[in-house]
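Chain by chain, the residues:
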Amino acid sequence: MARDTTINHPTMTQSTNNNHQTPDAAIKADAVYKQYKTKKHHPPYALENFSLTIPRGSLFGLLGPNGAGKSTFINILAGIVRKTSGTITIWNVDIDTNHREAKMYIGVVPQELNLDPFFTPREMLDLHAGLYGIPRAKRQTDALLETVGLSHKSDAYARTLSGGMRRRLMMAKAMVHTPPILVLDEPTAGVDIELRQHLWKQIRTLNARGVTVVLTTHYLNEAEELCKDIAIIDKGKIIANDKTDNLLAHIEKKEVVITIEEPLQNIPASLKHYDLCQNTPHQLRFSYAPRKTALQPLIEALQKEHIRIRDITTRQSDLEDVFIKLTRPSHSTP
Ligand code: ADP
Ligand code: MG
């Protein structure tokens, strides 16, 4: 499925709409609130004062634990859920005042896949293109099927497709109208490692061709691998939003526990500027941000002090730590 099939995207050719200049922001949300009526839950808002700008051309990750509000935001973009208040523009088009036009600029693959089992992929894409009013001559059904690696299944019933194939078909379906923005809600949830790699490659290829890609994930490593920009959502609020590298430099902490041969009464003055503390006379704990600080100078400094090392164990912060750190009241978000 990694074969290179060229699909014309408005971003790379020409905007489909002459009234709009190519915008700097692919998606802009301003003070969005969402309160579901059907369910009383805490906190009361699924989205609360949610403001976010997703730059055109970015590969943007929305990261957050289950229940954070990621799908709520995606489903609002897709027109499946109505926001309670606030403003959202897609490609500079307001989703409230110009709903139909806004839809032309975005393709969404929801978290829950619903495929009609009695259609073949080709029929499904054709039907969907028809819904968007794309004339037959302009449809790119075969190119889309090839892009997602489903050419050999063009005429098979959807119910015979594997889970991974269904997901890829949904991606093709989201792209029938060649939108400049593709949004994927948990594209790799429940997907095996090999398929995950394929999907990542495909997502990168689309992005390299100029498509703005937004994806949600609750895996820190997935966001880190794939996304250049990340917003972290927790309890309906944006708690961090930055370039991936900046963000991780702030939040990613590594902890090293150094067991030493001889007991140490005090940390020597020459080591005071390291973030070191003593667990026991035989154990030192060193916290550092791997992207900013190296471990080597500390090891050398210890050797200079003739402190002999017996063992070193490390622990890298995971998403859990990140949330604890970012949501702790004393911590100001980076
Ligand atoms: P995420 O995708 O980050 O896991 P969701 O957007 O699905 O989070 O959910 C955010 C919150 O909104 C959760 O508390 C969830 O229970 C609630 N919620 C989501 N969808 C509905 C719905 N259709 N009706 C009522 N509550 C919902
Ligand atoms: Mg979700």
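About the cut-offs
- Residues numbered from 1 in each chain as written.
- Chains lettered and ligands numbered in written order.
- Predicted model: local features only at pLDDT ≥ 70, side-chain atom pairs only at ≥ 80, totals over all residues.
- Heavy atoms only, no water.
- Pairing = 2+ DSSP bridges.
- Helix = DSSP H or I, 4+ residues; strand = E, 2+ residues; numbered from the N terminus.
- Axes fitted to C-alpha atoms, helices over the stretch in contact; angles between N-to-C directions.
- Contact = heavy atoms within 4.5 Å.
- Buried < 20%, exposed > 50% of the residue type's maximum accessible area, 1.4 Å probe, protein only.
- pLDDT = per-residue confidence, 0-100.
- Expected span 1.5 Å × (residues − 1).
- Donors = N, O, S within 2.8 Å, 3.2 Å for Na, K, Ca; no water.
- Polar contact = N/O pair within 3.5 Å; in protein donor to acceptor, adjacent residues only side chain to side chain.
- Salt bridge = Lys/Arg side-chain N within 4 Å of Asp/Glu carboxyl O.
- Arc of directions from axis to C-beta.

Describing the sheet that holds strand E8 (residues 212-217)
Two pairing modes exist for strands in a sheet, parallel and antiparallel, and in both the strands are linked by backbone hydrogen bonds. If you walk across this open sheet you meet the six strands as E6-E7-E8-E3-E9-E10, and the pairing is mixed. Since the sheet does not close on itself, it has two edges, and those belong to strand E6 (106-109) and strand E10 (237-243), each with one partner. Averaged over all adjacent pairs, the angle separating strand axes in this sheet is 15°, with direction ignored. Here strand E3 (residues 59-63) pairs with strand E9 (residues 229-234) via four bridges, running parallel. Across the sheet, residue Leu62 finds its bridge partner in E9, namely Ala231. Against the sheet, helix H5 (residues 163-174) makes contact with E6 and strand E7 (181-185), and its axis sits at roughly 160° relative to E6, the strand it touches most. Seen against the sheet, helix H6 (residues 193-208) touches E3, E7 and E8 and runs at an angle of roughly 150° to E8.

A closer look at the pairing of E6
A two-sided burial pattern is seen for E6, the buried positions comprising Ile106 and Val108 on one face and Gly107 and Val109 on the other. Looking at chain direction, E6 and E7 are connected through four bridges and run parallel. The partner of Ile106 across the bridge, within E7, is Ile181.

A few points about the confidence of the model for the protein chain
In this model, the protein chain carries an average pLDDT of 86, and 87% of its residues clear a pLDDT of 70 or more. Contacts for the low-pLDDT stretch residues 1-6, under 50 throughout, to residues beyond four places or in other chains number 18 contacts.

Some thoughts on H5
Relative to the 16 Å expected for 12 residues at 1.5 Å per residue, H5 spans 17 Å between its end C-alpha atoms, a close match to the ideal helical length. Where burial is concerned, most of H5 is hidden: nine out of the 12 residues are buried. Elements in contact with the buried residues of H5: E6, helix H3 (121-131), helix H4 (141-147), E7 and H6.

A closer look at the coordination of the magnesium ion (ligand 2)
Note on the magnesium ion (ligand 2): its protein donors are Ser71 (OG) and Gln111 (OE1). The metal-donor distances range over 2.1 to 2.2 Å. Within this pair, whereas Ser71 is found in helix H1 (residues 70-78), its partner Gln111 is found in the loop between E6 and H3, the two being separated by 40 residues in sequence. Its relative accessible area of 32% is what places Gln111 among the partly exposed residues.

A look at the side chain of Thr216
Considering the arrangement of structural elements, one finds Thr216 in strand E8. You can call Thr216 buried: its relative accessible area is 0%. For Thr216, the side chain forms a polar contact with the side chain of Asp185, separated by 2.6 Å. At 2.8 Å, the side chain of Thr216 and the backbone nitrogen of Glu186 are in polar contact. Residues contacting Thr216, with those up to four places away along its chain left out, are Leu62, Lys70, Ile74, Leu184, Asp185, Glu186 and Pro187.

Quick word on the pattern of salt bridges
Charged atoms that come close allow side chains of opposite charge to pair. The full count for this structure, using the stated rule, is 12 salt bridges. With a closest N to O distance of 3.7 Å, Asp234 and Lys235 form a salt bridge. Look at Asp234 and you get buried, because its relative accessible area is 11%. Here Glu261 and Arg310 are joined by a salt bridge, their closest N and O atoms 3.5 Å apart.

Observations concerning the environment of Leu284
Tracing the backbone shows Leu284 in strand E13 (residues 283-288). What makes Leu284 buried here is its relative accessible area of 1%. In this structure the C-alpha to C-alpha distance between Leu284 and Leu264, which are 20 residues apart in sequence, comes to 9.2 Å. Here Leu284 is in contact with Val256, Val257, Ile258, Ile260, Leu264, Ile267, Leu276, Cys277, Gln278 and Leu302, once residues within four sequence places are set aside.

Comments concerning helix H9 (residues 296-304)
For H9, the complete set of buried residues consists of Leu298, Ile299, Ala301 and Leu302. Here the buried residues of H9 occupy an arc of 160° about the axis, which is enough to place them on one side. Just beyond H9, the residue with positive phi is His306, at close to 60°.

Structural notes on unusual backbone geometry
One non-glycine residue with positive phi stands out, namely Asn49, at about 45°. Mapping Asn49 onto the fold places it in strand E2 (residues 47-55). Backbone geometry places His306, a non-glycine residue, at a positive phi of 60°. Counting through the fold element by element, His306 comes out in the loop between H9 and strand E14 (309-316). A relative accessible area of 69% places His306 in the exposed class.

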